[in-house]
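Letter by letter, the chains look like this.
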Amino acid sequence: MSRPTIAGVARAAGVSVASVSRVLNGLPATEEMAERVQRAVSELGYVPDARARSLKVGRTFQLTLAVADVGNPVYVTMMRAVEEVVAAAGYRLVVTTTGPDVVDEIALVRGMARGYADGLLISPIRVDEDLVKSIRECEVPVVVAGSVPAKAGVDTVRANSPKGILLAVDHLLSCGRKRIAFLNGPADTVPGAARSKGFTDALKAHDLQAVAVAEATDFTFAAGREAAAGLLAAGGFDAVVCANDLLAVGLMHELAAAGLAVPADVAVVGMDDSELAEQSFPPLTSVNLGSAERGRRAAELLLARIEDNDRTPRRIVVQPSLSIRRSTP
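A short tour of the structure in this document, coming up. (Residues numbered from 1 in each chain as written. Predicted model: local features only at pLDDT ≥ 70, side-chain atom pairs only at ≥ 80, totals over all residues. Heavy atoms only, no water.)

### Here's the deal with helix H8 (residues 161–174)
- Given a rise of 1.5 Å per residue, 14 residues ought to cover 20 Å, and the 20 Å separating the end C-alpha atoms of H8 matches this to within 8%.
- Listed as buried for H8 are Ser 161, Gly 164, Ile 165, Ala 168, Val 169, His 171, Leu 172 and Leu 173.
- Two to three positions downstream of the cap, the backbone nitrogen of Lys 163 sits 3.2 Å from a side-chain oxygen, assigning the N-cap of H8 to Asn 160.
- Positive phi shows up at Gly 176, right after H8, with a value of about 90 degrees. (Helix = DSSP H or I, 4+ residues; strand = E, 2+ residues; numbered from the N terminus. Expected span 1.5 Å × (residues − 1). Buried < 20%, exposed > 50% of the residue type's maximum accessible area, 1.4 Å probe, protein only. Polar contact = N/O pair within 3.5 Å; in protein donor to acceptor, adjacent residues only side chain to side chain.)

Below, the structure written as structure tokens:
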């Protein structure tokens, strides 16, 4: 049985091939024409040839989402939100991992010149001048889910990490905890720097000093467990703010191994409010940094940029909230 063609759809619908093409590409058409074409497409089982369509309109109808670690639950949440938006606009989403090295981020941005996607949504964990230059000179539209200098000239959507840290500290103080420690990821990363400053500012606002601060080598569960040893050696704390949920769960494992109960002995707050926060034991109080909202807004900006690359860049900040669970009193 031969594959249905656009000409066959046109014959079945009683319209021209041009009319079928207009409907299938989402261009203006009368309601009657659209109904006739869609009915014929359904009856014949016609599937558009994506390759031919791409050659004709000069697009691949693919978008790339690049994140540091596709295994991190916060990126999974973001990915789902991005995919929902771009799929509704007729695009496929290709997800790739850059890793923690800025050199690999730069290579990915420069590789967009190969033309395998119509746009790039990137969430860089480290940023330097070369990355900013690569983004500014990229062959396709770019939107950054994160922080880059305004001179990059791109749309950005970022979280307000310092405010999120303040919410965590305020909550712990309201629970009667005053000896607060901090477990951060690498401080030379975008989130690490923002959360470190946020913690310092939050304690300063309450005229407090950090009991202990530890820096993990990565934002992972294993790195959290390893860095927790430094906090336990320092001791003296009754609460810990962690820079993400993976670090927080790693810390809770080490606290349990040391015979300390959460939250009776030590209250723990994470950041990201990922699915992991609800799945941990006890369930983790966590700062919601709006990963789904950031993904949606970034995807919308990328689609708008593809349609009009001369738009003035927008810089959007998504505000945090606190999800209170049983890891705090």
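### Quick look at the sheet that holds strand S11 (residues 315–318)
- In spatial order, the strands read S2-S1-S3-S4-S5-S11; together these six strands make up an open sheet with parallel pairing. Because the sheet does not close on itself, it has two edges, and the strands there are strand S2 (92–97) and S11. For this sheet, the mean angle separating the axes of adjacent strands, direction not counted, is 15 degrees.
- With four bridges joining them, strand S1 (residues 62–67) and strand S3 (residues 119–122) adopt parallel strand pairing. In the strand pairing of S3, Leu 63 is matched with Gly 119. (Pairing = 2+ DSSP bridges. Axes fitted to C-alpha atoms, helices over the stretch in contact; angles between N-to-C directions.)

### What to know about the environment of Arg 22
- Note on placement: Arg 22 falls in helix H2 (residues 17–24).
- Relative accessible area serves as the criterion here: at 36%, Arg 22 is assigned to the partly exposed category.
- Spatially, the C-alpha atom of Arg 22 lies 48 Å from that of Phe 219, the residues being 197 residues apart in sequence.

### What about the pattern of salt bridges?
- Applying the stated rule across the entire model yields 13 salt bridges.
- Between Asp 188 and Arg 126 there is a salt bridge, and its shortest N-O distance comes to 2.9 Å. Separated by 62 residues along the polypeptide, Asp 188 in the loop between strand S6 (180–184) and helix H9 (190–205) and Arg 126 in the loop between S3 and helix H7 (129–136) bring together distant segments of the chain.
- For Asp 188, a relative accessible area of 53% corresponds to the exposed category.
- Put simply, Glu 293 and Arg 296 hold a salt bridge, and the shortest N to O gap is 3.2 Å. Taken together, the positions of Glu 293 and Arg 296, both in helix H13 (residues 291–307) and three residues apart, correspond to about one turn of that helix.
- Note on Glu 293: relative accessible area 28%, which makes it partly exposed.
- Residue class for Arg 296 comes out partly exposed when judged on its relative accessible area of 32%.
- A single salt-bridge network, built from bridges that share partners, covers Asp 155, Arg 305 and Arg 311. (Salt bridge = Lys/Arg side-chain N within 4 Å of Asp/Glu carboxyl O.)

### Some remarks on the sheet that holds S6
- Read from one edge to the other, the open sheet built from six strands follows the order S7-S6-S8-S9-S10-S12, with strand pairing classed as mixed. Taken across any chain shown, the strands that pair with only one partner, and hence form the sheet edges, are strand S7 (213–215) and strand S12 (321–323). For this sheet, the mean angle separating the axes of adjacent strands, direction not counted, is 20 degrees.
- Pairing of strand S9 (residues 267–271) with strand S10 (residues 285–288) involves three bridges; the strand directions are parallel. What sits directly across from Met 271, in S10, is Val 287.
- Its contacts with the sheet place helix H10 (residues 221–234) against S6, S7 and strand S8 (239–242), and it is angled at close to 145 degrees to S6. (Contact = heavy atoms within 4.5 Å.)

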